[in-house]
Amino acid sequence: MTDFTETNRQYFDQLATAYKDRFADAIKTVTEQTLSHRTWISDRWTDTEAGRGQGIRMLEYACGPGMISMALAPFLTNVVGVDVSENMVDEFNRNAAVMGLSDKVTGHKADLLAESVSTDFSGPTFSNFDLLTVSMALHHFEHPDRALQQLTKRLKSNGVCFIIDLVPEEGHHGHSHHHGHGEHEHPFGEAAKTVKTHGFSREDMQRLFEGVGLNVQFEYEIVSEPFVFHKDEQSFHKTVFMARAQLG
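Residues numbered from 1 in each chain as written. Predicted model: local features only at pLDDT ≥ 70, side-chain atom pairs only at ≥ 80, totals over all residues. Heavy atoms only, no water.

- An unreviewed UniProt entry lists the protein chain under the name Methyltransferase domain-containing protein, with Penicillium capsulatum as the source organism.

What follows is the structure, encoded as structure tokens:
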């Protein structure tokens with residue numbers, strides 16, 4: 001685990017129990033947008049003609065408490081969440097249990113981007129996925145290109161990767177503002193040290209995807225509703241996008 005990854009691990013370990021409250025509005029937005037974009041992401045789900053009767057598996061990396069996993073689990077046969085933060089994995093598994101999903105949704109602590117990954121994570125449980133998602137976490141990765149390269153190896157041929165993340169603030173759609181005191185305070189606060197990339201444009205994502213062989217049916221859509229989170233009695237508004245592509 002690199003120093004940067006360790007910084008992220010420590011920060012998210014501390015944030016884990018407060019995450020659902022601080023990001024309640026954002027979680028609601030991202031969950032609703034993911035569900036409304038489900039057939040845009042893929043045509044293969046357990047309730048669609050293309051996927052009915054098939055095993056359909058998803059990997060959520062940097063899963064946190066698993067908002068995407070929990071939302072999509074009803075339309076999948078198996079979901080694996082992986083995070084470097086043990087406390088986040090605990091939250092993930094707790095949420096799965098509360099929602100009655102533990103039979104097909106499980107979280108694991110691991111750094112799948114490390115130079116040397118334990119053989120525990122090289123078997124069939126951690127490979128051959130139909131779907132791969134990274135939600136609101138790619139901006140925390142030290143090397144997004146290398147990360148996607150490593151993760152895409154765990155997809156089936158024709159597998160789909162979909163990313164939810166921040167639009168760059170200098171872009172036309174990426175204006176960010178917050179309300180309350182401390183107008184000049186950095187919106188990420190102490191999380192700033194865990195952020196490596198301040199958003200990804202359409203061109204950024206297309207380049208990242210194509211660089212790892214995700215070159216079929218690329219789509220990038222800016223989400224109309226802002227991603228809102230609260231900290232120290234302030235509200236912060238961010239613009240997010242959803243992007244998807246398939247392995248060729």
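There is more to say, and it comes next.
## What about the overall build of the protein chain?
Then, number 1: On a plain count of helices and strands, the protein chain comes out with seven helices and ten strands.
Then, number 2: Here the protein chain holds 248 residues, and 54% of them are scored as buried.
Then, number 3: For the protein chain, the share of sequence-separated contacts (at least 6 apart) that also reach a separation of at least 24 residues comes to 72%.
Then, number 4: Summed over all atoms, the accessible surface of the protein chain reaches about 11500 Å², with 48% contributed by carbon and sulfur. (Helix = DSSP H or I, 4+ residues; strand = E, 2+ residues; numbered from the N terminus. Buried < 20%, exposed > 50% of the residue type's maximum accessible area, 1.4 Å probe, protein only. Contact = heavy atoms within 4.5 Å. Areas by Shrake-Rupley, 256 points an atom, 1.4 Å probe, with all protein chains shown as cover.)

## Here we look at the sheet that holds strand 2 (residues 78-83)
Then, number 1: Overall, mixed pairing links the seven strands, which are arranged 3-2-1-4-5-10-7 in an open sheet. The open sheet terminates on both sides in strands that have one partner only, identified here as strand 3 (105-109) and strand 7 (216-222). Direction aside, neighbouring strands of the sheet carry axes that sit 15° apart on average.
Then, number 2: Those strands touched by helix 2 (residues 24-36) are strand 4 (129-135), strand 5 (155-166) and strand 10 (240-246), and its axis lies near 145° from that of strand 5. (Pairing = 2+ DSSP bridges. Axes fitted to C-alpha atoms, helices over the stretch in contact; angles between N-to-C directions.)

## A closer look at unusual backbone geometry
Then, number 1: For Ala-62, which is not glycine, the phi torsion reads 55° and is therefore positive.
Then, number 2: In this fold, Ala-62 is placed in the loop between strand 1 (57-61) and helix 4 (67-72).
Then, number 3: Of note, the phi angle at Met-136 is positive, near 55°, even though the residue is not glycine.
Then, number 4: With respect to the helices and strands, Met-136 occurs in the loop between strand 4 and helix 6 (144-152).

## Structural notes on the pattern of salt bridges
Side-chain pairs of opposite charge can arise whenever the charged atoms involved come near each other.
Then, number 1: A full pass over the atoms with the stated rule returns seven salt bridges.
Then, number 2: Between Glu-32 and Lys-28 there is a salt bridge, with the nearest N and O atoms lying 3.0 Å from each other. A residue pair is termed a helical-turn pair when its members lie 3 or 4 positions apart in one helix, as Glu-32 and Lys-28 do in helix 2 at four residues.
Then, number 3: Notably, a salt bridge pairs Asp-130 with Arg-44, separated by 2.9 Å at the nearest N-O pair. One end of the pair, Asp-130, is in strand 4; the other, Arg-44, is in the loop between helix 3 (38-41) and strand 1, with 86 residues separating them in the sequence.
Then, number 4: A residue is classified by how much of its surface remains accessible, and Arg-44, at 23% relative accessible area, is partly exposed. (Salt bridge = Lys/Arg side-chain N within 4 Å of Asp/Glu carboxyl O.)

## With respect to the nonpolar core
Then, number 1: Ranked by size, the top nonpolar core spans 35 residues in total, and within it Tyr-61, Leu-138, Ile-163, Met-205 and Phe-209 carry the most contacts.
Then, number 2: Of all the secondary-structure elements, those providing two or more residues to this core are strand 1, strand 2, strand 4, helix 6, strand 5, helix 7 (202-211), strand 7 and strand 10.
Then, number 3: By size, the runner-up hydrophobic cluster in this structure holds 33 residues, among which are Phe-23, Trp-45, Val-223 and Met-242. (Core = buried A, V, L, I, M, F, W, Y, C linked by side-chain atoms within 4.5 Å.)

## Concerning helix 5 (residues 86-98)
Then, number 1: Taking 1.5 Å as the rise per residue, helix 5 with 13 residues should run 18 Å; its terminal C-alpha atoms sit 18 Å apart, in good agreement.
Then, number 2: Remark: Gly-100 follows helix 5 within two positions and exhibits a positive phi of approximately 70°. (Expected span 1.5 Å × (residues − 1).)

## Focus: helix 6
What sets the pattern is the α-helix's 3.6 residues per turn: residues three or four places apart point alike.
Then, number 1: Listed as buried for helix 6 are Pro-144, Ala-147, Leu-148, Leu-151 and Thr-152. Buried residues in helix 6, looked at end-on, bunch into an arc of 120°, giving them a common side. (Arc of directions from axis to C-beta.)

## With respect to the confidence of the model for the protein chain
Then, number 1: When pLDDT is averaged along the protein chain, the result is 84; 80% of the residues meet or exceed 70.
Then, number 2: When pLDDT is averaged over each helix and strand of the protein chain, the minimum, 35, is found for strand 6 (residues 177-179) and the maximum, 98, for strand 1.
Then, number 3: Note that residues 171-188 has pLDDT below 50 and, in this model, 36 contacts with residues that lie over four places away or in other chains. (pLDDT = per-residue confidence, 0-100.)

## Here's the deal with the pairing of strand 2
On a regular strand, each side chain points to the face opposite its neighbour's, so the side chains alternate between the two faces of the sheet.
Then, number 1: Here strand 2 lies mainly inside the structure; five of its six residues are buried.
Then, number 2: Here strand 1 pairs with strand 2 via five bridges, running parallel. Opposite Arg-57, over in strand 2, you have Asn-78 as the bridge partner.
Then, number 3: Handedness of the crossover joining strand 1 and strand 2 through helix 4: right-handed.
Then, number 4: Between the parallel elements strand 2 and strand 3, the chain passes through helix 5 in a crossover that is right-handed. (Right-handed = clockwise from strand over helix to strand, strands pointing away.)

## A few points about the side chain of Ser-135
Then, number 1: In this structure, Ser-135 sits in strand 4.
Then, number 2: Looking at Ser-135, the relative accessible area reads 6%, which means it is buried.
Then, number 3: Non-local contacts of Ser-135, meaning those with residues more than four positions away in its chain, are made with Val-30, Glu-60, Met-67, Ile-68 and Ile-164.

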